[in-house]
Amino acid sequence: MGSSGAERAAKRLFLAALCGVCQALQGGILFPTESPSREVKDVSGLWSFRADLSPERSRGFEQQWFKGPLAETGPVIDMPVPSSYNDITQDGKIQDFIGWVWYEKDVWVPSRWIQDRGTRIVLRVGSAHYYSMLWVNGVKVTEHVGGHLPFEADISGVLRQTSVNPCRITIAVNNTLTLETLPPGTIQYMNDRTRYPAGYFVQNTNFDFFNYAGIHRSVLLYTTPQAHIDDITVETTFSDNIGLVSFNVSVLGSSKPAVKVTLSAHDGRCVASADGSRGVLKVTDVNLWWPYLMHENPAYLYSMEVQATAEDGQTDVYTLPVGIRTIKVTNKQFLINNKPFYFHGVNKHEDADIRGKGFDWPLVVKDLNLMKWMGVNSFRTSHYPYAEEILQMADRHGIVIIDECPGVGIKDIRSFGNVSLAHHLTVMEELVRRDKNHPSVVMWSVANEPASEMPPAGLYFKELVSHTKSLDSSRPVTYITASNYARDLGAPYVDVICVNSYLSWYHDPGHTELISLQLNTQFDNWYGKYQKPIIQSEYGADAVPGLHSDPPMMFTEEYQKTVLQNYHNVFDQKRKEFVIGELIWNFADFMTSQNIIRVVGNKKGIFTRQRQPKAGAFLLRERYWRIANETGVLPTWARYPCL
Ligand code: BDP
């Protein structure tokens, strides 16, 4: 009986993960928007919720909780969606729960949607961590493996067959992590009966953030005509003052759709149009998409309207914002629109009090405002894909993004096997499929700090990087290493070397005087071996807000500042050569699992978890604006007043 409980849940998950990798990705995952032919109904809000606390975590399936109202099979509580469930209640069992939780909501579907058989009704979940199953009126409609990307199901048939309105949506979510999930984890059973009760198990992971779970992004119903635009891919370039937008539209439900594509400028003026599902639009006097602080008119977006008319005369309309820009990497530079770009930015987390990793507009806008206040021109979606709304915002404000997949904590050699690799490739496909059209996304990061010195890592990363390039040849690919340059087996395959190091923190704690020497050595070794541009993709120190000491001591705000200053001195030398960016770890304090090196979470934020600045935030603000003044063209409204 030792292998009960979550181990079986883990096995169930494992099997699902296998299924997930067997299925090739089908179709697109366009962000749901309204248009003359499409409607969107947000069904987020309060859902009924129950965690399956049975020892096997399997009671919900045995008793088929999806068959009828959840309240009829046991007690339910209110659970907000989107939100992590962990910090919502006063119950420690919910905070640390591992296994299946059940969500349910009754939703009215407009009867004209159901009556009009030409309407396709789609149920979409922005993300749910980690493995999800969905039922509508007791009928299973889909399942999905992976915690940070959207999934959806055409539920028109089920709604028309079951004709129950309001319809009952049931979503079961399992947060168990196994050696083959991304991120990976293991379930460990504690079998010493003198210390642990029967069936006791823990979830082990190798990453430094709380494994928040639940339905993290909006749940939507949306419609399209039966013959509909399923996917759009754009790639952009320019020559002199002519912008070129190549497009590829895929339409489902019609064998010979008539496709028309129109590109409009800000003022609504049509600047180019074409007929057909593939083609190239030419834009004269192009306004390029430029990053924030690099140009006086940053983040210019055109609007691309796609119309697809089927044989029966029904037309589907979808509008995609399009930024025209190019990305190139040389052995020393990162070029956006052929001009050198220096990343002065942050690493973030989707993390906040109470809601955990749940999407929250006030937080998203506050974070954007803080980044702009600080002169941040870029961020990395450490350590997983963020909500697409965040990318859209970055498109509109010119913030550059390194888009990272959830390949974090790959430390166990068993997670470099074929099953893991196949799943990792699928996740990259899902990520590229979702984010390929965002001008803000300039690079893919396939992993963070994997055990890249282990023998399987070389082949693993060769495959992963080349597969990602085959999905999108327009962007460079990297992974983030903390390995020693001489032992890193994946570096030959990436376009940009991204290095994390914590000098005077995890190494030689307290000795900030060593940073200069050690950091210079770090850069020279990496560049000497690979001749590729380098980003310092993480550096930093914990600072407990309000703790002070002079001379600086670890964990004080002064120490955090001193560490940053010492790094900056070296960056200022090396950015004249081959260092192309610096991303502080971390934008804000964030929650981790409980352990002896964390005091209620990781305190390396330059803002607190509540987004109040520590001393380091002011230091970085001054620096980033100074760099922007030196390297960019600032609009007059954006000049930092102190400089
Ligand atoms: C880095 C990890 C990051 C951690 C950070 C730290 O990439 O996830 O939070 O260390 O320890 O190695 O603060």
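Conventions adopted
Residues numbered from 1 in each chain as written. Predicted model: local features only at pLDDT ≥ 70, side-chain atom pairs only at ≥ 80, totals over all residues. Heavy atoms only, no water. UniProt positions renumbered as here; feature names shortened; annotations may be inferred. Helix = DSSP H or I, 4+ residues; strand = E, 2+ residues; numbered from the N terminus. Rg over C-alpha atoms; globule rule 2.2 N^0.38 Å. Buried < 20%, exposed > 50% of the residue type's maximum accessible area, 1.4 Å probe, protein only. Near = heavy atom within 4 Å. Polar contact = N/O pair within 3.5 Å; in protein donor to acceptor, adjacent residues only side chain to side chain. Areas by Shrake-Rupley, 256 points an atom, 1.4 Å probe, with all protein chains shown as cover. Nonpolar A, V, L, I, M, F, W, Y, C, P; charged D, E, K, R; others polar. Pairing = 2+ DSSP bridges. Axes fitted to C-alpha atoms, helices over the stretch in contact; angles between N-to-C directions. Contact = heavy atoms within 4.5 Å. Salt bridge = Lys/Arg side-chain N within 4 Å of Asp/Glu carboxyl O. Right-handed = clockwise from strand over helix to strand, strands pointing away. Core = buried A, V, L, I, M, F, W, Y, C linked by side-chain atoms within 4.5 Å. Domains from an automatic or database assignment. Phe/Tyr/Trp six-rings, centres within 6.5 Å; stacked < 30°, edge-to-face > 60°. Lys NZ or Arg CZ within 6 Å of the ring centre and 35° of its normal. Parallel < 35°, antiparallel > 145°, perpendicular 65-115°, else oblique. Left-handed = near helix turned anticlockwise from the far one by under 90°.

- The chain appears in an unreviewed UniProt entry as Beta-glucuronidase from Carassius auratus.
- Per UniProt, the comment on the chain under Subunit (unreviewed entry) is "Homotetramer."

**Looking at the overall build of the chain**
- A tally of helices and strands in the chain yields 12 helices and 32 strands.
- Computed over the C-alpha atoms, the radius of gyration of the chain is 25 Å, within 12% of the 26 Å expected from 2.2 N^0.38 for a compact globule of 643 residues.
- Overall size of the chain, expressed as C-alpha extent along the three principal axes, is 75 × 70 × 45 Å.
- Here the chain holds 643 residues, and the buried ones make up 60% of them.

**A closer look at the site of the ligand**
- As a structural note, the neighbourhood of the ligand is formed by 13 residues, with Asp 208, His 383, Glu 449, Tyr 506 and Lys 604 the closest of them.
- Within the side chain of Lys 604, a nitrogen or oxygen atom sits 2.6 Å from an oxygen atom of the ligand.
- When the free accessible area of the ligand is taken as 320 Å², the share hidden by the protein chains comes to 91%.
- Considered class by class, the residues forming the shell around the ligand number 4 nonpolar, 4 polar and 5 charged.

**Observations regarding the sheet that holds strand β15 (residues 228–239)**
- What the 3 strands build is an open sheet, ordered β15-β16-β19; its pairing is antiparallel. Each of the sheet's edge strands pairs with one partner strand only, and the pair in question is β15 and β19 (278–283). Along the sheet, successive strands turn relative to each other by an average axial angle of 20°, direction set aside.
- Alignment of strand β16 (residues 242–252) against β19, held across 6 bridges, turns out to be antiparallel. Pairing of Ser 246 across the sheet is with Val 280, part of β19.

**Comments concerning the side chain of Asn 137**
- Checked against the element boundaries, Asn 137 lands in the loop between β7 (131–136) and β8 (139–145).
- For Asn 137, a relative accessible area of 12% gives the class buried.
- At 2.9 Å, the side chain of Asn 137 and the side chain of Thr 162 are in polar contact.
- Once residues lying within four places of it in the same chain are set aside, the contact partners of Asn 137 are Leu 159, Thr 162, Val 164, Cys 167 and Arg 168.

**Topic: the environment of Leu 634**
- In this structure, Leu 634 sits in the segment after α12 (615–631).
- In sequence terms Leu 634 and Asn 297 are 337 residues apart; their C-alpha atoms lie 8.9 Å from each other.

**What about the UniProt feature "domain: Glycoside hydrolase family 2 catalytic" (unreviewed entry) in the chain?**
- As annotated by UniProt and renumbered to match this structure, "domain: Glycoside hydrolase family 2 catalytic" (unreviewed entry) occupies residues 327–628.
- As annotated, residues 327–628 has a helix share of 35% and a strand share of 16%, and its two end C-alpha atoms lie 19 Å apart.

**Structural notes on the pattern of salt bridges**
- Following the criterion strictly, the structure yields 32 salt bridges and no others.
- In this structure, Arg 414 engages Asp 412 in a salt bridge whose closest nitrogen and oxygen atoms are separated by 2.8 Å.
- What makes Asp 412 partly exposed here is its relative accessible area of 23%.

**With respect to the pairing of strand β29 (residues 477–481)**
- Of all the 5 residues making up β29, 5 are buried; the element is thus mostly covered by neighbouring parts of the structure.
- Neither face of β29 is left uncovered, since the one carrying Val 477, Tyr 479 and Thr 481 and the one carrying Thr 478 and Ile 480 both have all their residues buried.
- Inspection of the sheet shows strand β28 (residues 441–448) paired to β29 by 3 bridges, in the parallel sense. Within the sheet, the bridge partner assigned to Trp 444 lies in β29 and is Val 477.

**Let's talk about the pairing of strand β32 (residues 579–584)**
- The element β32 is extensively covered by neighbouring structure, given that 6 of its 6 residues are classed as buried.
- In terms of strand pairing, strand β25 (residues 343–347) meets β32 through 4 bridges, oriented parallel. By the bridge assignment, His 344 is partnered in β32 with Glu 582.
- Summarising the sheet, strand β31 (residues 534–538) and β32 pair through 3 bridges and their orientation is parallel. Following the sheet pairing, Ile 535 is matched in β32 by Gly 581.
- With helix α11 (residues 557–574) bridging β31 and the parallel β32, this β-α-β connection has right-handed handedness.

**Quick word on the nonpolar core**
- Grouped together as the largest cluster of nonpolar side chains are 99 residues, with contacts concentrated most on Trp 102 and Phe 461.
- Formed jointly, this core draws a minimum of three residues from each of two domains, domain 1 (39–175 + 211–219) and domain 3 (337–631).
- When neighbours within four sequence positions are excluded, Phe 461 is seen to be in contact with Phe 416, Val 446, Ala 447, Pro 450, Ser 466, Tyr 479, Gly 490 and Tyr 493.

**Quick notes on the packing of aromatic side chains**
- Overall, the coordinates contain 38 aromatic pairs when judged by the stated rule.
- Relative to Tyr 386, the ring of Phe 379 lies with its centre 6.2 Å away and its plane at 15°, an arrangement referred to as stacked. Both residues of the pair, Phe 379 and Tyr 386, count as buried.
- On the numbers, 6.3 Å between centres and 70° between planes, the contact of Tyr 485 with Trp 526 is edge-to-face. Separated by 41 residues along the polypeptide, Tyr 485 in the loop between β29 and β30 (497–500) and Trp 526 in helix α10 (residues 515–530) bring together distant segments of the chain.
- When its relative accessible area of 26% is taken as the criterion, Tyr 485 is described as partly exposed.
- Positioned above the aromatic ring of Trp 65, the side-chain terminus of Arg 50 is 4.0 Å from the ring centre.
- Positioned above the aromatic ring of Tyr 292, the side-chain terminus of Lys 372 is 5.1 Å from the ring centre.

**Thoughts on the sheet that holds strand β18 (residues 270–275)**
- Spatially, β18-β17-β20-β21 is the arrangement adopted by the 4 strands of the open sheet, whose pairing is antiparallel. Of all strands in the sheet, those with a lone pairing partner are β18 and β21 (315–322), marking the two edges. On average, each strand axis in the sheet is tilted by 15° relative to the strand beside it, whichever way the strands run.
- Where strand β20 (residues 302–309) and β21 come together, 8 bridges link them in antiparallel fashion.

**Comments concerning the packing of helix α8 (residues 418–435) against helix α9 (residues 456–471)**
- Two elements in contact, α8 and α9, have axes separated by 10 Å at closest approach and are oriented at 25°. Considered as vectors, α8 and α9 are oriented roughly parallel to each other. Where α8 crosses over α9, the handedness of that crossing is right-handed. In contact with Ser 420, Leu 421, His 424, Leu 425, Met 428, Glu 429 and Val 432 of α8, α9 contributes Tyr 460, Glu 463, Leu 464, His 467, Thr 468 and Leu 471.
- Considered class by class, the residues forming the contact of α8 with α9 number 7 nonpolar, 4 polar and 2 charged.

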